[in-house]
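Each chain, written out:
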Amino acid sequence: MDNKLIADIFNDIAAMLSVDETPSSRFEVRAYQKAALTIATLQEDIGDIYRKEGKEGLMKLPGIGKGLAERIEEYIKTGKIRRYEELRKRYPIDMKALTSIEGIGAKKAIALYKKLGIKDVASLKKAAESHKIGALSGFGGKSEGLILRGIQRLETNKGRLLLGDALPVAESMVGKLIGSGLVVKVVIAGSMRRMRETVGDIDILALSDKGNEVMDFFTKLPDVSGIVVKGPTKTTVSLKIGLNCDLRVIAPESFGAALQYFTGSKDHNVQVRTIAVRMGYKLNEYGLFGRKGQLMPTKEEKDIYGRLGMQYMPPEMREARGEVKLAQEHKIPRLVELGDIRGDMHTHTLESDGADSIEEMADAAMKADLDYFATTNHTKSLGIANGMDERGFAKFFKRVDKLNDSLDGKIRVLKGAEVDILKDGSLDLDRECLKSMDCVVAAVHSYFRMEESEMTKRVCKALESGLVHIFAHPTGREINVREQYPIDLEKLFVAAERNKVALEINSFPIRLDLSDTNIMRASKYKVKFAIDTDAHRTSHFGFLRYGVGTARRGWLEKGRVMNTLPLSGIMKELEK
DNA sequence: GCCGTTTTCGGCCCGACTGTTTTCAGTCG
């Protein structure tokens, strides 16, 4: 899977080109960015597309024409792109890392390189700390402070990737290991199995009696960039995506114990081991051992929990947040599952900032086994996302009506909007227009830097309008990018409960908003939740599993999630 | 550099905010 790497290179090229902007290069920059987005969100391996269909196959992808298809071909064949190498000679800087700091874009990054020779985050930090940046023209004390805060945030998240970026790579490696015929069983463990929103490394367990051969195969996988340690039972490699990956080959009698041990979390395991010790057992990654050191048969994880008098619990719960006690009382809830989700309440189309038509989205939703989904484009104040006005929605909904007729009940498209909550808490479409919709999703997309009390008032006013069904990405955070905006969550939850507004669990890997812990806080109130994809293209329906994973980490049961209802049920729910 | 019911040239989402300036460049969405 070189998709991410190629997308990164294209984004870097765009950034470097944008510095010496001429009227025509502006659009070249856009072209690279657009192509990068296409490649980054591609479900298929771009190398596979090229091998199957050649350059023609690449050119079928949106935003990729002859020129960029050739660049991709060049990368697949040689591992390099000349254009990129030339730009890197001129600007030998870590553009991706520098521009990931809030307030630094391509131009500032290159200005800092030209003036202070700053190439990476480390030299940037040094310069900021010795107040060299504030003294530069075009920069000032506030910029310097912003940069330092940005670096701090980057450092606390160091080395962790989004689950949505890392999981597909891990699954692709697991698939290849299974395909090798050398293993009986392969599973992902660690924080990835627990569906944490970011992962610091990947843990894979394999059941096999051919340790050496498995490791040879593993270290030669295309995602691997280097070998850290290699042995017959444990091998660590570094991956091209920037994470390490451990593969452990496990004996059959230890598999359950190993899976339990390597799934963690560490704190959870400490609690479980303590229980084992109290019962006279010893528990480690090789098994559960009795008083005389004899191995207790525990082929499966649930055998271990069972022998310790505990109910089995899903990996997503194992964070030492009270699940151990619950398991001892046999009160583990039945968490919502991916298969419970019947619809999606938040999606976009070409008409605003989506990449696919409503017809294509309907087709993809059907393939994702949904019974319904709401199309909820942005509203007029969000100019950048091509927000629509009342007339635009009216016209668009006629097309939706027609589509629904032609779909003949196979799937139902609900008419809606992701309406902007304006600075003063009013909604960005008139009352009549909103009332005509099946599903109104409201969200904050501007003025993030308000005082907490102002922001809370603003959002609560919107929820009290009586027009809103769902409050989307309630905190506005973007993982590793942007803190949540200041808002009093308890007051928000009270307002949501009182006005029967559902809280969204946005499945976009960078959002996952509400987060697991905020879901736990919110579920103390009588609020409903909606697990939505916020899909901007057909492939994004696949993000649903990240939202469901997050909901499960927040211990959410099916009954709390509105879009587990069948079509008739959701229509009734929305009418309320 | 892409794309096409404006179709092989010429258009391509651009407005608001911030911090820096003293009229604007850079960033963000």
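Computed from a prediction, not measured in an experiment: that's the story for all the values here.

A. Broad picture of the domain arrangement of chain A. Domain boundaries in chain A define domain 1 (3–156), domain 2 (161–250), domain 3 (262–328) and domain 4 (338–575). Using C-alpha coordinates to define each centre, domain 2 is positioned 24 Å away from domain 3. Each partner contributes residues to the interface: domain 2 has 11 residues there, and domain 3 has 11 residues. Across the interface of domain 2 and domain 3, roughly 820 Å² is buried in total on both sides, 50% from carbon and sulfur atoms. Of all residues in domain 2, Arg193, Arg194 and Arg248 bury the most surface against domain 3, accounting for 67% of the area lost on that side. Here domain 2 and domain 3 share 2 salt bridges between them. Remark: the boundary between domain 2 and domain 3 carries 5 residue pairs in polar contact (both at pLDDT 80 or more). Secondary structure elements with two or more residues in the side of domain 2 that touches domain 3: β2 (185–189), α11 (190–193) and β4 (201–207). Looking at the side of domain 2 that touches domain 3, the element that brings in the most residues is α11, giving 3 residues. Class assignment for the residues of the side of domain 2 that touches domain 3 results in 3 nonpolar, 2 polar and 6 charged.

B. A look at the sheet that holds strand β14 (residues 439–443). Taken together, 7 strands build an open sheet; the order of strands is β11-β12-β13-β14-β15-β16-β17 and the sheet is parallel. Lying at the two open borders of the sheet, with one neighbouring strand each, are β11 (343–344) and β17 (529–532). Examined bridge by bridge, β11 and strand β12 (residues 372–378) share 2 bridges and lie parallel to one another. Within the sheet, the bridge partner assigned to Gly343 lies in β12 and is Tyr372. Sheet strands in contact with helix α17 (residues 358–367) are β12 and β13 (412–420), and its direction is about 145° off that of β12.

C. Structural context of the pairing of β13. Buried residues dominate β13, accounting for 8 of its 9 residues. Direction of pairing for β12 relative to β13: parallel, over a ladder of 7 bridges. Across the sheet, Asn377 pairs through a bridge with Ala417, a residue of β13. The handedness of the β12 to β13 crossover, carried by helix α18 (residues 390–407), is right-handed.

D. Quick look at the sheet that holds strand β8 (residues 282–284). Read across the sheet, 3 strands follow the order β8-β9-β10 without closing on themselves; strand pairing throughout is antiparallel. Here the strands that pair on one side only, and so sit at the sheet edges, are β8 and β10 (295–296). Pairing analysis gives 2 bridges linking strand β9 (residues 287–289) to β10, with the strands arranged antiparallel. Counterpart to Phe289 in the pairing with β10 is Leu295.

E. Inspection of the environment of Lys528 at higher detail. Note that Lys528 resides in the loop between α22 (516–522) and β17. With 339 residues separating them in the primary sequence, Lys528 and Ala189 have C-alpha atoms 31 Å apart. Ignoring sequence-local partners within four residues, the contact set of Lys528 consists of Ala502, Leu503, Gly559, Arg560, Met562 and Glu573.

F. How the structure looks around helix α1 (residues 3–19). With 17 residues, α1 extends 25 Å from end C-alpha to end C-alpha; this agrees with the ideal 24 Å at 1.5 Å per step. When you tally the buried positions in α1, you get 15 out of 17 residues, the bulk of the element.

G. Structural detail: the pattern of salt bridges. Applying the stated criterion across every chain, the model contains 40 salt bridges. Residue Glu53 is joined to Lys60 by a salt bridge in which the shortest nitrogen-to-oxygen separation is 2.5 Å. Ionic pairing is found between Lys367 and Asp363, a salt bridge with its closest N-O pair at 3.0 Å. Here Lys367 pairs with Asp363, and both are found in helix α17, just 4 residues apart, close to one helical turn. For Lys367, a relative accessible area of 68% gives the class exposed.

H. Region of interest: the protein's contact with DNA strand B. Taken together, 35 residues form the shell around DNA strand B, and within it Arg71, Gly105, Gly140, Tyr447 and Arg482 come nearest. Within 4 Å of the protein, the atoms of DNA strand B are drawn from sugar and phosphate moieties in a proportion of 65%. A distance of 2.6 Å separates a phosphate oxygen of DNA strand B from a polar atom in the side chain of Arg71. Arg83 places a polar side-chain atom, nitrogen or oxygen, 3.3 Å from a phosphate oxygen of DNA strand B. Sorting the residues of the surface near DNA strand B by element identifies α2 (25–40), α4 (66–78), α7 (106–116) and α9 (141–156) as the ones contributing at least two each. With 5 residues, α2 is the single largest residue contributor to the surface near DNA strand B. Each residue belonging to the surface near DNA strand B can be placed in one class, and the counts come to 12 nonpolar, 12 polar and 11 charged.

I. Region of the structure containing the side chain of Arg342. Inspection of the secondary structure puts Arg342 in the loop between α16 (323–328) and β11. Residue Arg342 is classed as buried on the basis of its relative accessible area, which comes to 17%. What Arg342 contacts, discounting residues up to four positions off in sequence, is Asp369, Leu370, Asp371, Tyr372, Asn563, Thr564, Leu565 and Pro566.

Cut-offs applied
- Residues numbered from 1 in each chain as written.
- Chains lettered and ligands numbered in written order.
- Predicted model: local features only at pLDDT ≥ 70, side-chain atom pairs only at ≥ 80, totals over all residues.
- Heavy atoms only, no water.
- Domains from an automatic or database assignment.
- Contact = heavy atoms within 4.5 Å.
- Buried area = accessible area lost by both parts, 1.4 Å probe.
- Salt bridge = Lys/Arg side-chain N within 4 Å of Asp/Glu carboxyl O.
- Polar contact = N/O pair within 3.5 Å; in protein donor to acceptor, adjacent residues only side chain to side chain.
- Helix = DSSP H or I, 4+ residues; strand = E, 2+ residues; numbered from the N terminus.
- Nonpolar A, V, L, I, M, F, W, Y, C, P; charged D, E, K, R; others polar.
- Pairing = 2+ DSSP bridges.
- Axes fitted to C-alpha atoms, helices over the stretch in contact; angles between N-to-C directions.
- Buried < 20%, exposed > 50% of the residue type's maximum accessible area, 1.4 Å probe, protein only.
- Right-handed = clockwise from strand over helix to strand, strands pointing away.
- Expected span 1.5 Å × (residues − 1).
- Near = heavy atom within 4 Å.

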